[in-house]
Amino acid sequence: MTRIDKAFSELSARINDMAVPGRSNGASPSIASLIGKVDAAKLRYQPGSR
């Protein structure tokens, strides 16, 4: 492995170990709930729905 490869590998590992701001380590929302949110948003923005 070259110096550049090693440095890149170490940097990648450090980035992956960092915590994402504003995101908890709890369970992710289910796909069904995400689809429900998208459908509700679509209904709110359809013409004549106000």
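Data block above holds the structure.
Scanning the protein from N- to C-terminus turns up two helices and zero strands. Scored against the burial criterion, the 50 residues of the protein give a buried share of 0%.

Next up on the list: a nonpolar patch on the surface. A contiguous nonpolar surface patch, about 320 Å² in accessible area, is contributed by L11, I15 and M18. Structurally, I15 can be placed in helix α1 (residues 3-17). According to the relative accessible area criterion, I15 is exposed, its value standing at 51%.

The rules behind these values
- Residues numbered from 1 in each chain as written.
- Predicted model: local features only at pLDDT ≥ 70, side-chain atom pairs only at ≥ 80, totals over all residues.
- Heavy atoms only, no water.
- Helix = DSSP H or I, 4+ residues; strand = E, 2+ residues; numbered from the N terminus.
- Buried < 20%, exposed > 50% of the residue type's maximum accessible area, 1.4 Å probe, protein only.
- Patch = residues over 30% accessible without salt bridge, like charges linked within 9 Å, V, L, I, M, F, W, Y side chains within 5 Å.
- Areas by Shrake-Rupley, 256 points an atom, 1.4 Å probe, with all protein chains shown as cover.
- Salt bridge = Lys/Arg side-chain N within 4 Å of Asp/Glu carboxyl O.

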